[in-house]
Amino acid sequence: MKRLIVLLLIALTIVAFAQTFDRSKTVFVGGGMWSPPSNWSPFTPWNAVTGTIGLVYETLFLYDPLTGKFEPWLAESGSWISDSVFQIKLRNGLTWQDGKPLTIDDVLFTFEIAKKHTGINYSPIWNWLERIVKVDERTLNFVFSDPRYHEWGQNLISIAIIPKHVWEGKTQDEILQSANEKPLGSGSYFVETWDSDRNVFKKNPNWWGIKLLGLDPKPERVVVVRILSNNVAIGMLMKGELDWSNFFLPGIPTLRKAYGVHTWYESAPYMLPANTTGIFLNVNKYPLSIPEFRRAMAFAIDTSKIVDRAFERMVTASNPVGIMPIPGFIKYYPEEVAKQFGFKYDPAMANKILDELGFKDVNKDGFREDPNGRPFKLTIQCPYGWTDWMVSIQSIAEDLRKVGLNVEPIYPDASKYNDDLFAGRFDIILNNYPTGVSSTVWSYFNAVFYPAAAESEYSYSGNFGKYKNPEVTELLDQMNRTPLTNEEGIKKVVAKLSEILLKELPFIPLWYNGAWFQASDAVWKAWPSEKNPYAWPISWGGHWQLGGIKVLFGIKSE
Amino acid sequence: MVGGVKIIKGVKILQKYLTRKIVVYLLTFFFAVTIDWAIPRFMPGNPINVLVSRFAALPESIKVMQSYFTQAFGLDRPLLEQYTSFWKALFRGDLGISIYLYPQPVLKVILEALPYTIAVLLPAIFVSFMVGNRLGAFVARKKRLDNTALPIFYTLTASPYFWFGILLAWFFGVVLKWFPIAGAYSYLLRRSFSWTFIKSFLYHWILPFSSLVLVMLGGWAIGMRNMIIYELEANYSRYLESCGASQKLIRKYSYRNAILPQVTGLAIQLGTAVAGTLTTEIVFSYPGIGYILMQGILNQDYFLIQGCFLFIVIGVLLANFIVDLFYLILDPRIRKTYTGEV
């Protein structure tokens, strides 16, 4: 008995006092982390904890999709001083989280390291970047052999500047195979702790931006929580235990009315657009290989039904070209071309085109046969379990059957789906991976037409139906090499590309998948919204640089 | 003296029995692990594809990643070489690097997640086993009690756990607000050895734990009830009854006989249950190995799948081995066969 008491006493003394985070200074964020935290490396952004780039590591520029403008971040300014030279000026007084100054050498190192180690994801820029010249202690000139203005813009907002004193002297494998569990960046937050179901970022009180930008991150801690189901996310939002949610949640009108859940718009569609979702068609498979046949399909699909049924009006139908209604994109929208070559839901038109092509129901089974009288069957696919998409492809198949095309929806597992997608092994496939928000509308057309896809076994970057057209390749190159300031020039290329897209339709844009965002006012207020549009409210990986970080400057707690 | 010889002989037979068992277990282990290695590789698709699909980047960057990681994971080598290096690594205790949770070692991933699974699952299995069997034995052959309890047991086992879990979480978590609905402990805490943490952990643990107990309880209870009824019909019970033994005594004997198949069931469940908390994890957003295994499969993470199944294989074999030993104690017939007393 005595022994037991002694043991208990010892246990009691070992037990430490736990620190509980102050709820009023902690923001709970969900929807951007689906797996247990596994790495914080700026070199493997594909599965680094969301916020690794944006909160811990920072980029030279931010890009705000709400305004369509680049915003200098680590850089004080940046511009093309000639056709082939981009000059950046670094801010004065930048520091790393360990107190050491962030200098021009760190920026130089970040780029040079990818020249040395070709496994680093941004190393291909050295195919078109010739050299970097250090002009003075705050100025760098990037001299390009082949200036790709649009790609460069994307690189400016996605390459994380890394500290030379940490990464110098490491081998390629050490760099790429490191979990980087103690990331040292320049950002407003550092990683404090993590567990299988959460990652805790703590405010960096010495962040350079407080002084240089006058911006103050409000939350003392940002806890990214891993939530595995929508039910839990909804429950937590209702209880006020999840402040900032980027899940696809059904029943938004009810959540708004009964629980005061905050969304971007007060009425439908409630959400901002995040990408263009549509169907890629296998252009090497008969009869999908006939452009007019693909056009008939476009006329046959009723997107408004999908918007209503699958998404409860949380998304909007796409324009025929598929250019998202965000300022940086929509300013290039070719009205005339769209009017002339565009399509809209018109089954009569679809029937007419198919009749003219000679696709008729000869054997009276309810489906059209090809001009030689042979029956054919097509499948349309999306991953199993993506319920909104499953409903969508059912609706599409239904519409296509109405005009006499025998189309059947199939739902393989996500991994099989991905493999089929990348290898081009499908008839019709619903997808939106490469068509997301970016700093340039070039990325959209490059995704739709990605020229290398036609020749290679796998394509990861779009044009999954392997459409081939040398003219498109040329136009894409031309656009990539048209300075962003030459808006007229870009507009002309966009018009030409749009015309080809609408005539050929290797991809039929259908709707804009949403930038899902719901917030609770329980602890934090002043969330961004249509009326107070200070930040793109998304916490997914790669979106902190688009505005996620600015949300943290704008919200307030009592 | 004669007894002593018998025991020595018995020990020898026992040794033989155990050696044979162990050899069989080792062989099973070898084949199970080989299948475990092979199956993920026969899945259609390519893990690196899944990996790059999660990365929206410039096309050129994606190409670089694709080739680097295919090489880094050795997926470009011949299959036989991959197989032999897998065994070599296994003997070093190296289960490889997870692709889905790159670059964490698979062993670390599993050891991080397993404690949560075990903390919920083991107590739930044992509590439901104990309580379920007792309840089942208690209600058997008691008309009124049986008539009311049986439907409840059936409802519990038959109700889809997913639905049941959501209902529990919703009612106790959101409506009554008695319990939290997500996380292993408060999101306002860090893991530490402190009362605040332990309390928070238990508070978050109750709902997943009790939901599992409730659904598992019914199965054990029904099984036990049926077994007891069967045993009460057996000749020895009849004989005891006709000798005038008390009901209590007869039931005691029936229970000892009825528990045997239940223990076998327990062994099977213990082994496979490692991955069986998937639904609990999803419904309560609770960490654990089930969801990781599922993601491993969906992401074709060969190494993670292998690692998880390795643990399951070991779990099943160990549990069965223990039960084999346990039977010696529990079932005098087996014990006496091997000690040569019968």
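Residues numbered from 1 in each chain as written. Chains lettered and ligands numbered in written order. Predicted model: local features only at pLDDT ≥ 70, side-chain atom pairs only at ≥ 80, totals over all residues.

## As for the interface of chain B and chain A
The extent of an interface is frequently quoted as the accessible surface area lost upon association of the parts. The condition that has to hold: Note that contacts rest on C-beta atoms placed from the backbone: two residues are in contact if these are within 7 Å. Only DSSP runs of H or I with at least four residues qualify as helices, and only runs of E with at least two residues qualify as strands; both kinds are numbered from the N terminus onward. Three classes are used, and their members are as follows: Ala, Val, Leu, Ile, Met, Phe, Trp, Tyr, Cys and Pro are nonpolar, Asp, Glu, Lys and Arg are charged, and the others, Gly among them, are polar.
Taken together, the contacts link 61 residues of chain B with 64 residues of chain A. For the side of chain B that touches chain A, the secondary-structure elements that each account for two or more residues are helix 2 (47-53), helix 3 (59-72), helix 5 (106-139), helix 7 (161-175), helix 8 (195-233), helix 11 (278-283) and helix 12 (289-298) of chain B. It is helix 3 of chain B that provides the largest number of residues to the side of chain B that touches chain A, a total of nine residues. Across the side of chain B that touches chain A, the residue classes tally to 38 nonpolar, 16 polar and seven charged.

## Digging into the environment of Ala296 of chain A
Residue and element names in this part refer to chain A. For clarity, the cut-off: Residues with at least 20 other C-beta atoms within 10 Å of their own are called buried, those with 12 or fewer are called exposed, and the rest are partly exposed. The C-beta atoms themselves are positioned from the backbone.
Examined against the element boundaries, Ala296 turns out to sit in helix 9 (residues 291-300). Ala296 sits in the buried class, given 28 other C-beta atoms within 10 Å. A sequence separation of 237 residues divides Ala296 from Thr59, and the C-alpha atoms of the two residues are 45 Å apart. Apart from residues lying up to four places away in sequence, Ala296 is in contact with Ala350, Ile353 and Leu354.

## Describing helix 4 (residues 79-91) of chain B
This is how the line gets drawn: Multiply 1.5 Å by the residue count of a helix minus one, and that product is the helix's expected span.
In a regular helix each residue adds 1.5 Å, so 13 residues correspond to 18 Å; helix 4 of chain B covers 19 Å between its end C-alpha atoms and thus fits that length. A small share of helix 4 of chain B lies buried, amounting to one of its 13 residues.

## Quick look at the environment of Thr117 of chain B
Residues and elements named next belong to chain B. Position of Thr117 among the secondary structure elements: in helix 5. The exposure class of Thr117 is buried, given the 25 C-beta atoms found within 10 Å. Taking C-alpha positions, Thr117 is 12 Å from Thr279, a pair spaced 162 residues apart along the chain.

## Digging into the nonpolar core
Worth spelling out the cut-off: By convention in this section, buried Ala, Val, Leu, Ile, Met, Phe, Trp, Tyr and Cys residues joined through C-beta atoms within 7 Å make up a nonpolar core.
Val222 and Ile279 of chain A together with Cys308 of chain B are the most contacted members of the largest nonpolar core, which has 246 residues in total. Among the elements that line this core, the one with the most residues is helix 8 of chain B, at 14 residues. In contact with Ile279 of chain A, other than residues within four places in its own chain, are Ile380, Ile428, Ile429, Leu430, Ile508 and Leu510 of chain A.

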